[in-house]
Amino acid sequence: AQTVTQSQPEMSVQEAETVTLSCTYDTSESDYYLFWYKQPPSRQMILVIRQEAYKQQNATENRFSVNFQKAAKSFSLKISDSQLGDAAMYFCAKTDSWGKLQFGAGTQVVVTP
Amino acid sequence: DAEITQSPRHKITETGRQVTLACHQTWNHNNMFWYRQDLGHGLRLIHYSYGVQDTNKGEVSDGYSVSRSNTEDLPLTLESAASSQTSVYFCASSENADTQYFGPGTRLTVL
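Residues numbered from 1 in each chain as written. Chains lettered and ligands numbered in written order. Predicted model: local features only at pLDDT ≥ 70, side-chain atom pairs only at ≥ 80, totals over all residues. Heavy atoms only, no water.

(A) Examining the side chain of B:Gln85 more closely. Note that B:Gln85 resides in the loop between strand S8 (76-78) and strand S9 (87-94). For B:Gln85, the contacting residues outside a window of four places in its chain are B:Arg36, B:Asp62, B:Gly63, B:Tyr64, B:Leu78, B:Ser80, B:Leu108 and B:Val110. (Helix = DSSP H or I, 4+ residues; strand = E, 2+ residues; numbered from the N terminus. Contact = heavy atoms within 4.5 Å.)

This is how it looks when you write it as structure tokens:
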């Protein structure tokens with residue numbers, strides 16, 4: 001069975017600082033997509049960033065960037081210049097070749113002033 | 001703008017009752033998915049569909065069913081609600097094996 005593992009239940013960061021969330025996964029496929037979704041208290045699932053496995057270049061979206069290590073099956077998210085609005089649960093997820101998503105258990109990000 | 005909606009947003013029901021949660025998308029996506037979210041488990045796949053008349057079981061499908069009669073809708077039915085089905089339910093859609101877009105979720109409580 002394919003799994004997605006987020007080993008940090010909670011991470012705390014001060015405003016303007018940087019925090020990195022870890023994610024590892026298991027797969028036998030060569031082509032797939034990886035995602036980070038943000039879930040604020042409103043419960044809405046918001047796409048933060050996506051990475052295509054066949055692309056070696058790490059994806060970046062404004063203050064959010066990933067470190068994708070395909071051989072190590074690692075996909076970490078870095079949030080730079082953290083803001084109070086970044087406080088949320090963050091989920092790492094991976095698609096299989098049929099587009100089904102598998103999620104990690106999530107990492108709660110707490111931002112302190 | 002295209003969107004995906006779920007109704008109701010909150011539902012309280014009793015054990016043994018049949019419940020249907022609605023999901024409607026205007027993206028014209030072929031793929032639609034239902035997930036449940038419980039503490040400590042992230043989101044887990046219940047059922048999914050790759051097109052009209054196509055339905056498939058996911059990781060946690062027992063006690064749930066879906067039907068797909070058109071592109072826009074994938075209702076989720078709990079045939080006989082159980083307390084273990086108290087959860088938050090999310091519907092999502094995608095065009096292919098790429099990004100899934102999520103609805104706002106439905107909080108279901110089974111008493």
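(B) Up close: the state of the cysteines. Applying the stated criterion across every chain yields a total of two disulfides over all chains. Each disulfide pairs two cysteine sulfurs, and for A:Cys23 the partner residue is A:Cys92, the sulfurs being separated by 2.0 Å. Torsion about the S-S bond of the A:Cys23 and A:Cys92 cystine: about -70°, corresponding to left-handed handedness. Of this pair, A:Cys23 sits in the loop between strand S3 (19-21) and strand S4 (24-25) while A:Cys92 sits in strand S10 (residues 88-95), placing them 69 residues apart in sequence. Overall, the relative accessible area of 1% leaves A:Cys92 in the buried class. There is a disulfide in this structure between B:Cys23 and B:Cys91, and the S-S distance comes to 1.8 Å. When the S-S torsion is -70°, as for the bridge of B:Cys23 with B:Cys91, the disulfide is left-handed. With B:Cys23 in strand S3 (residues 19-25) and B:Cys91 in strand S9, this residue pair connects regions lying 68 residues apart in the sequence. Note on B:Cys23: relative accessible area 2%, which makes it buried. (Disulfide = S-S within 2.5 Å. Buried < 20%, exposed > 50% of the residue type's maximum accessible area, 1.4 Å probe, protein only.)

(C) Summary view of the sheet that holds strand S7 (residues 64-66) of chain B. Residues and elements named next belong to chain B. Spatially, four strands are ordered S1-S3-S8-S7 in an open sheet, and the strand pairing comes out antiparallel. Each having just a single partner strand, strand S1 (4-7) and S7 make up the two edges of the open sheet. When the angles between neighbouring strand axes are averaged without regard to direction, this sheet yields 20°. Note that S1 and S3 share four bridges and pair antiparallel. (Pairing = 2+ DSSP bridges. Axes fitted to C-alpha atoms, helices over the stretch in contact; angles between N-to-C directions.)

(D) A look at the nonpolar core. All names here are of chain A. One finds Trp36, Phe75, Leu77 and Tyr90 to be the most contacted residues of the largest nonpolar core, which totals 24 residues. For this core, the secondary structure elements donating two or more residues are S3, strand S5 (33-39), strand S6 (46-52), strand S8 (64-69), strand S9 (74-79), S10 and strand S12 (107-112). Residue contacts for Phe75: discarding those within four places in its chain leaves Leu21, Cys23, Tyr25, Leu34, Phe35, Trp36, Gln51, Val66, Asn67, Phe68 and Cys92. (Core = buried A, V, L, I, M, F, W, Y, C linked by side-chain atoms within 4.5 Å.)

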